[in-house]
Amino acid sequence: MRLATVRTRQGTCAARLDGDEFTELPGHADVGSLLANEDWRRIAANATGRRHRRGDVDVRTVVPRPSKVLCAGLNYTSHIREMGRELPAHPTLFAKFADTLTGPADAVPAVAEDPEMDWEGELAVVVGRTAYKVREEEADQYIAGFTVANDISMRGWQYRTTEWLQGKIWARSTPIGPVLTTPDEFDPATAVLRTTLNGTRVQEHRIADLLFTPAHLVAYVSTMLPLHPGDLILTGTPGGVGRARSPRRYLRPGDLVEVTIDGIGTVSTPIT
């Protein structure tokens, strides 16, 4: 099942995507609202609301106002090695806020304060039920599904200090979407992430190369604090980011960066 938050003439609503048609889920303004209902799977499966052709609605951020956005850095073996680091024993975590999120086709403005804007294609986990101190072997039960993210990063600010937060929390800089794909229709063991810059592939990597799996991240984070329905965990980016290229290549106005994950879809971001 594929779920999305769409905007119609009547406002935003959660919707189920079947092929090229969205079916509205009445009473739910977005996917986050839907996931707050314990019976969300049945509600989504039995949707009977208005229908829209895919091209007739504006697809928004899957979960516009999650209570938490947690991110794992240095989580693909190839990316860790290209940054010249040892494989970590534990996840490297940082946080974002809902204000950083934007839609899967929204433009992201270049930042005058930092010319080192970089791309990071990522798989994102969407939490489906409250998880607190769950074990890794049961953590999959708490995952509603998966979506695509681009953790656009301001490298100049990121590396001002040893903490990354200031390079990761710029407003409307993290495209998320276009849909949440439920685990029964998405296999991390076979899916591939691809990022293109102006049509040229800059990242291509199997999700299976994640050092810390989605289940591990859910269990690890939930050891510290509760995760709630709609919360997001970005799982990290593989090799191929602009800062690691030779010569370095950063995003600038006029660029189009697209992140695609098999079985989910594409986040397409013009830089303005």
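Described in the following lines is the structure provided in the data block. The shown structure was predicted, so the numbers you read here are calculated from the model rather than taken from an experiment.

## With respect to the overall build of the chain
Secondary structure summary: the chain contains 5 helices and 18 strands in total. In summary, the chain has a C-alpha radius of gyration of 18 Å against a globular reference of 19 Å for 272 residues, a match within 12%. With respect to the three principal axes, the spread of C-alpha positions in the chain is 50 × 45 × 30 Å. Evaluated residue by residue, the chain yields a buried proportion of 54% over its 272 residues. Entry remark: accessible area of the chain is about 11800 Å², with carbon and sulfur atoms responsible for 49%. Each charge class in the chain was averaged separately, 31 positive and 34 negative side chains, and the resulting centres sit 2 Å apart.

## A look at a nonpolar patch on the surface
There is a patch of nonpolar side chains on the surface, built from Phe97, Leu165 and Ile169 and spanning about 240 Å² of accessible area. Relative to the helices and strands, leucine 165 resides in the loop between helix 4 (155-158) and strand 13 (174-181).

## Examining the nonpolar core
Taken as a class, soluble globular proteins show a tendency for nonpolar side chains to be buried jointly. Within the largest apolar cluster, 39 residues are counted, with the highest numbers of intra-cluster contacts made by Val6, Phe22, Val218, Ile261 and Ile264. Taken together, the elements giving at least two residues each to this core come down to strand 1 (2-8), strand 2 (11-18), strand 6 (69-73), strand 10 (121-127), strand 11 (143-150), helix 5 (214-224) and strand 17 (256-261). Considering each element in turn, this core owes the most residues, 5 residues, to helix 5. In this structure valine 218 touches Val125, Ala131, Val134, Ala139, Tyr142, Ile143, Leu227 and Ile233, once residues within four positions along its chain are discounted. Among the nonpolar cores identified, the runner-up in size contains 27 residues, and Trp40, Ala124, Val126 and Ala144 belong to it.

## With respect to the side chain of lysine 168
When you line up the elements, lysine 168 lands in the loop between helix 4 and strand 13. A polar atom in the side chain of lysine 168 sits 2.9 Å from the side chain of aspartate 151. A distance of 2.8 Å separates the side chain of lysine 168 from the side chain of serine 153, its partner in a polar contact. Beyond its immediate sequence surroundings of up to four residues, lysine 168 is in contact with Phe94, Lys96, Thr100, Glu120, Asp151, Ser153, Arg155 and Gln158.

## Some points on the sheet that holds strand 17
Reading across from one edge, 15-14-17-18 is the order of the 4 strands in this open sheet, with antiparallel pairing throughout. Looking at strand neighbours, the two that pair on one side only are strand 15 (200-206) and strand 18 (265-270), the edges of this open sheet. Going across the sheet, the axis of each strand differs from the next one's by a mean of 10 degrees, ignoring polarity. As judged from the 5 bridges shared by strand 14 (residues 192-197) and strand 17, these two strands associate in the antiparallel manner. When the sheet's bridge partners are listed, leucine 193 is paired in strand 17 with isoleucine 261.

## So, the pairing of strand 15
By the bridge criterion, 6 bridges tie strand 14 to strand 15 in an arrangement that is antiparallel. Within strand 15, the residue paired with arginine 194 across the bridge is glutamate 204. A loop of 2 residues connects strand 14 with strand 15, the two strands running antiparallel in sequence, and asparagine 198 in this loop sits at a positive phi of about 55 degrees.

## Details of the side chain of aspartate 231
In this structure, aspartate 231 sits in the loop between helix 5 and strand 16 (232-234). Within polar-contact distance, the side chain of aspartate 231 engages the side chain of serine 67 at 2.6 Å. Within the structure, aspartate 231 has its side chain in polar contact with the backbone nitrogen of histidine 228 (distance 2.8 Å). The residues contacting aspartate 231, other than those within four sequence positions of it, are Pro66, Ser67, Lys68, Val125, Val126, Val127 and Pro226.

## Focus: helix 5
Among the residues making up helix 5, those that are buried are Pro214, Ala215, Leu217, Val218, Ala219, Val221 and Ser222. The inward-facing, buried residues of helix 5 contact strand 6, strand 7 (92-96), strand 10, strand 11 and strand 16.

## Thoughts on the pattern of salt bridges
Per the counting criterion, the structure on display carries 22 salt bridges. Between aspartate 151 and lysine 168 there is a salt bridge, and its shortest N-O distance comes to 2.9 Å. Separated by 17 residues along the polypeptide, aspartate 151 in the loop between strand 11 and strand 12 (153-154) and lysine 168 in the loop between helix 4 and strand 13 bring together distant segments of the chain. Look at the salt bridges and you will find they share partners, linking Lys96, Asp118, Glu120, Asp151, Arg155 and Lys168 into a network.

## Topic: unusual backbone geometry
The linkage connecting glycine 177 with the following residue, proline 178, adopts the cis geometry, with an omega of -5 degrees. In this fold, proline 178 is placed in strand 13. For leucine 74, which is not a glycine, the phi torsion comes out positive at approximately 50 degrees. Tracing the chain through its elements places leucine 74 in the loop between strand 6 and helix 3 (77-82). On the basis of relative accessible area, leucine 74 is assigned to the buried category, the value being 11%. With phi around 55 degrees, asparagine 198 is a residue other than glycine that occupies positive phi space. Along the polypeptide, asparagine 198 turns up in the loop between strand 14 and strand 15. Look at asparagine 198 and you get partly exposed, because its relative accessible area is 42%.

What counts as what
Residues numbered from 1 in each chain as written. Predicted model: local features only at pLDDT ≥ 70, side-chain atom pairs only at ≥ 80, totals over all residues. Heavy atoms only, no water. Helix = DSSP H or I, 4+ residues; strand = E, 2+ residues; numbered from the N terminus. Rg over C-alpha atoms; globule rule 2.2 N^0.38 Å. Buried < 20%, exposed > 50% of the residue type's maximum accessible area, 1.4 Å probe, protein only. Areas by Shrake-Rupley, 256 points an atom, 1.4 Å probe, with all protein chains shown as cover. Lys, Arg positive; Asp, Glu negative; His and termini not counted. Charge placed at Lys NZ, Arg CZ, Asp CG, Glu CD. Patch = residues over 30% accessible without salt bridge, like charges linked within 9 Å, V, L, I, M, F, W, Y side chains within 5 Å. Salt bridge = Lys/Arg side-chain N within 4 Å of Asp/Glu carboxyl O. Core = buried A, V, L, I, M, F, W, Y, C linked by side-chain atoms within 4.5 Å. Contact = heavy atoms within 4.5 Å. Polar contact = N/O pair within 3.5 Å; in protein donor to acceptor, adjacent residues only side chain to side chain. Pairing = 2+ DSSP bridges. Axes fitted to C-alpha atoms, helices over the stretch in contact; angles between N-to-C directions.

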